[in-house]
Amino acid sequence: MAWVRKLLSIDRRIIFLLVAAGVVLPLLFPLNLPVTLTPRVKAAFDAIDALPPGSKVLLSMDFEPDIMAELMPMSVAILRHCFRKRLQVIAMTLYPAGTGLGERALTTAAKAEGAVRNRDYAWLGYKSGFQVVMIGIGENLRGMYPVDFYGTPLDSIPVTRGVNSYRQTAMVINVSGSSGTDYWIQFAQGRFHAPLVVGCTAVMATDYYPYLSSRQILGLIGGLKGAAEYERLIDDFGDARRGMDAQSLVHLIIVMLVIVGNAALFISKRAGDAGGPAAGSMTR
Amino acid sequence: MRRGPLLVTFLSGAAIAALFFIPHYRAQEVNSKLLEWTLVVYAFALILGSISLWNSHVRKMKKRAEGWGYSVVTLSTLLAITILGVWKGVGEGTPVGTIYDNVNSPLASTMFALLAFVIASAAFRAFRARSVEATLLLITAIVMMVGRVSIGPLISPHLPGVTEWLLDVPNLAAKRAIALGVGLGAVSIALKIILGIERSYLGRS
């Protein structure tokens, strides 16, 4: 069973090349695979869509560049929906390296929908302290953010004028790549009863199903797939839908590798071949 | 010597816990003030962290320890970004903004993207059906990986439904159990810290 042994000890660089091809080719030659809708993303969309024009929405974009591939298209899609619905967005981040991304998401969505800073949205920027900031906003927004990211007092900004806590906002949306979402659920929703919609990375999404089922969160957008669904709902073909082709193909490649690896090991064992590579070796 | 920190911990913990349940405006004023103090503590922690980072890398450089060149890069970057940020601001179009967009963002994304390659290689070599449990995990993972992406419905129209069931039933049940356990554990640890039973945060177990 020399071929099986050879297959089991395949050079990892070949696997890397396969994955690279799976990522690059669909981006160069889009397959335009269909994006099916899930009830969780539809619920998030419906919750935002049901808000009357002029409602104020607090959006916290709590992520840094490492996971921007998933959460940036999601943030842009949510913002575009809000601007299209004429909702006023008060945006912030609880991550120091999230300021650049939050600002970029706002300017991208604002450019696409013709929204204007301070009239349609305000960018508060970064504040350290996670739970403290969340509780602080519930009691006195100006205690946490006396001025916006550009140094303008909140009372001089039309979007934030008259807003001093969650009570004056119609909804809180948290796009996060960390357990910060747990705190938004505990404090913004649990303590201050703010309606909450969550967007998170795909690996985090399953953690928040219980909160969705208990209606503590109104909708859940999980990972690039969730972002792609949201783009479909707002009738946009953005980075998430483009990226889904690549993600689909890479998932398929990994599944094929797992099946081939198991099949080869099975054949090798049946043939009584003790020679294969060490079990579980990931570095070869 | 340790009574002071223990007393501060007890009073702060008990006060914050009590204030959570007292809606009176006076109590909420005290709560707001305590929150402002916490922000100040966070700011000091940031300064302390920066000083600690500086000291540890300077020590490494002085000793010419292995990888000391990285310490030079770390400290010069820390200095350069701090000076540029204070001098020119940190918004879009500033030098810090440009460095963030063209260095920080692509580097951080690249590091994370490498995971896909490592996971693919690891999955091929380590994800084996060696037992009934491992086989169940393997089948579930395959169904989830294919069923959650756009190609799933093209392979089988039933795949999205199966993934939804997996997420809504077994996943939800397990997550609820874990959340309850974690919640009860957190309350118990908090009580132990407030009452001074758990003292490892003082620097000795």
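One can find the structure itself at the top, above this paragraph.
Note that the structure is predicted; figures quoted are calculated from it, not measured. (Residues numbered from 1 in each chain as written. Chains lettered and ligands numbered in written order. Predicted model: local features only at pLDDT ≥ 70, side-chain atom pairs only at ≥ 80, totals over all residues.)

It is common to give the size of an interface as the accessible area that goes away when the parts come together. Contact with chain A, which involves 53 residues of that partner, is made by 48 residues of chain B. Within the residue set of the side of chain A that touches chain B, elements represented by two or more residues are helix 2 (12-28), helix 4 (68-84), helix 5 (99-113), helix 6 (130-139), helix 10 (209-213) and helix 12 (239-270) of chain A. Of the residues forming the side of chain A that touches chain B, the biggest block, 14 residues, is contributed by helix 12 of chain A. A per-class count over the side of chain A that touches chain B returns 27 nonpolar, 18 polar and eight charged. (Contact = placed C-beta atoms within 7 Å. Helix = DSSP H or I, 4+ residues; strand = E, 2+ residues; numbered from the N terminus. Nonpolar A, V, L, I, M, F, W, Y, C, P; charged D, E, K, R; others polar.)

Below, the discussion takes up the sheet that holds strand 5 (residues 196-200) of chain A. Consider a sheet: its strands pair through backbone hydrogen bonds, and that pairing is either parallel or antiparallel. All names here are of chain A. If you walk across this open sheet you meet the six strands as 3-2-1-4-5-6, and the pairing is parallel. Where the open sheet ends on each side, the last strands, each with one partner, are strand 3 (121-126) and strand 6 (219-222). This sheet shows a mean twist of 15° between the axes of neighbouring strands, independent of strand direction. As paired strands, strand 5 and strand 6 are joined by four bridges and run parallel to one another. The residue of strand 6 that forms the bridge with valine 198 is leucine 220. Strand contacts of helix 4: strand 1 (56-62), strand 2 (88-93), strand 4 (171-176), strand 5 and strand 6, with the helix running at about 160° to strand 4, the strand carrying the most contacts. Most of the contacts of helix 5 go to strand 3, to which it runs at about 165°, and overall it touches strand 1, strand 2 and strand 3. (Pairing = 2+ DSSP bridges. Axes fitted to C-alpha atoms, helices over the stretch in contact; angles between N-to-C directions.)

Another point: unusual backbone geometry. Residue and element names in this part refer to chain A. Of note, arginine 86 is a non-glycine position whose phi angle comes to about 60°, a positive value. Position of arginine 86 among the secondary structure elements: in the loop between helix 4 and strand 2. Backbone geometry places asparagine 118, a non-glycine residue, at a positive phi of 75°. Here asparagine 118 shows up in the loop between helix 5 and strand 3.

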